[in-house]
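# Results of the structural survey
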Amino acid sequence: MEQAFWVQRPGEGVLRPVALPTPGAGEVLVRTLCSGVSRGTETLVFRGGVPASQHDVMRAPFQEGEFPGPVKYGYLNVGVVEAGPAELTGKTVFCLYPHQTAYVVPASAVTLVPDAVPPGRAILAGTVETAVNAVWDAKPKLGDRIAVIGAGMVGCSVAKLLQGFPATRVQLIDVDPAREEIARALGVDFSTPADARGDCDLVVHASASEAGLAKALELLAPEGEVVEMSWYGDRRVSVPLGENFHSRRLTIRSSQVGTVARPDRDYAQRLGLALELLADPAFEALVSEECMFEDLPTVLPRLAANELSALCLRVMYQPQ
């Protein structure tokens, strides 16, 4: 009998037994190697903080149950195909599946993990995919002066990708000075908001805070653009559209992973690109805590209470 992690009720997680169906034509049986807990989204779900108006928007692809609980939620899963089409059997794959020891899904729902990417790093594919989409939305230019506000999983990933553009000046900004260590590991300059460099052509905002958005506008040069990645749920956010917003002809645009930002790419191509990018070992800096699957019901409350500092918690599974 397999097991799955469920949020029984806000603040309480449990492991439940799962009986798997026999894979049918076009389906795969995947044995999980590791999964990832996204600190922001999944701790919000664990705390029961998903607004009623956003229940449909926040659904994960293979979610079971409903918010606030009981609900089986998660979307960063890496495993080995034990049964299915010959070209996939024995291969390591990524899937947008919750925390479960094994599962059966359509073969089209899994993506091959490149040989150069360790399974433990491949759990970041969903996050890096979001960052890829944001960079496509941002359309950085040669020599741009860029700031990324919010050194969470997404903000760090965006900064890492933008750092690769020629002659750009990229700075990662966060209120927590301890995030400088992660920025250093990613090869990106770091600053607190007070010391951030202005005159930016582009600012990517990923702090999910009103103060962060105000700072993003403050840092822009004339004709500059803020790419807003933060999700506020049903919170009302005040945006300072007075002062220099109109005279400097500033722009705010949204970026959200639900739509592919390039018409010449599809979802599969975007995810495949994210996995290729994860061959860079620098991304390991985003995973600083690890636990066993059977310990998840006791570890997740600590993550939600900020007793653990990990941007992404890696969950390891016992081999069968």
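The structure contained in this document is the topic of the report that follows.

Here we take up unusual backbone geometry. Looking along the chain, the bond that leaves Phe67 and enters Pro68 is cis, with omega of 0°. Among the secondary structure elements, Pro68 is positioned in the loop between strand E4 (64-65) and strand E5 (71-72). The omega torsion of the bond from Gly69 to Pro70 falls at -5°, within 30 degrees of zero and hence cis. Along the polypeptide, Pro70 turns up in the loop between E4 and E5. Phi at Ala208 takes a positive value of approximately 55°, unusual for a residue other than glycine. Notably, Glu223 is not glycine yet its phi reads approximately 70°, a positive angle.

Turning our eyes to something else, we now look at the side chain of Lys72. Tracing the backbone shows Lys72 in strand E5. Classification of Lys72 by relative accessible area gives buried; the value is 2%. Of the polar contacts made by the side chain of Lys72, one reaches the side chain of Tyr97; its length is 3.4 Å. In this view, Lys72 contacts Ala4, Phe5, Trp6, Phe62, Gln63, Glu64, Tyr97, Pro98 and Gln100; residues no more than four positions away in its chain are not counted.

Let us look at the packing of helix H1 (residues 39-46) against helix H8 (residues 296-304). Packing of H1 against H8 leaves a shortest axis separation of 10 Å and a crossing angle of 105°. By the criterion of interaxial angle, the relationship of H1 to H8 is roughly perpendicular. Here H1 contributes Arg39, Thr43 and Phe46 to the contact with H8, which in turn contributes Leu300, Pro301, Leu303 and Ala304. Tallied by class, the residues present in the contact of H1 with H8 amount to five nonpolar, one polar and one charged.

Quick look at the state of the cysteines now. Applying the stated rule across the entire model yields zero disulfides. Cys312 supplies the cysteine sulfur nearest to Cys34, a cysteine that is in no disulfide, at a spacing of 9.6 Å. There is no disulfide at Cys156, and the cysteine sulfur nearest it, in Cys312, is 12 Å away. When its relative accessible area of 0% is taken as the criterion, Cys156 is described as buried.

A separate point is the pattern of salt bridges. According to the stated counting rule, one finds 20 salt bridges in the structure shown. Measuring nitrogen to oxygen at the nearest pair gives 2.8 Å for the salt bridge that ties Arg145 to Asp201. With Arg145 in strand E10 (residues 145-149) and Asp201 in strand E13 (residues 200-205), this pair connects stretches of sequence that are 56 residues apart. When its relative accessible area of 27% is taken as the criterion, Arg145 is described as partly exposed. A salt bridge links Asp264 to Arg262, with the nearest nitrogen and oxygen atoms 2.6 Å apart.

Okay, the sheet that holds strand E14 (residues 220-228) next. Across the sheet, which stays open at both edges, the six strands sit in the order E12-E11-E10-E13-E14-E15 with parallel pairing between neighbours. A strand with exactly one partner marks an edge of an open sheet, and here the two such strands are strand E12 (189-191) and strand E15 (251-254). Neighbour-to-neighbour, the strand axes of the sheet open up by a mean angle of 25°, direction not taken into account. Here four bridges tie E14 to E15, and the two strands are oriented parallel to one another. Paired with Glu225 across the strands is Thr251, a residue of E15.

Each value, and the rule that gives it
- Residues numbered from 1 in each chain as written.
- Predicted model: local features only at pLDDT ≥ 70, side-chain atom pairs only at ≥ 80, totals over all residues.
- Heavy atoms only, no water.
- Helix = DSSP H or I, 4+ residues; strand = E, 2+ residues; numbered from the N terminus.
- Buried < 20%, exposed > 50% of the residue type's maximum accessible area, 1.4 Å probe, protein only.
- Polar contact = N/O pair within 3.5 Å; in protein donor to acceptor, adjacent residues only side chain to side chain.
- Contact = heavy atoms within 4.5 Å.
- Axes fitted to C-alpha atoms, helices over the stretch in contact; angles between N-to-C directions.
- Parallel < 35°, antiparallel > 145°, perpendicular 65-115°, else oblique.
- Nonpolar A, V, L, I, M, F, W, Y, C, P; charged D, E, K, R; others polar.
- Disulfide = S-S within 2.5 Å.
- Salt bridge = Lys/Arg side-chain N within 4 Å of Asp/Glu carboxyl O.
- Pairing = 2+ DSSP bridges.

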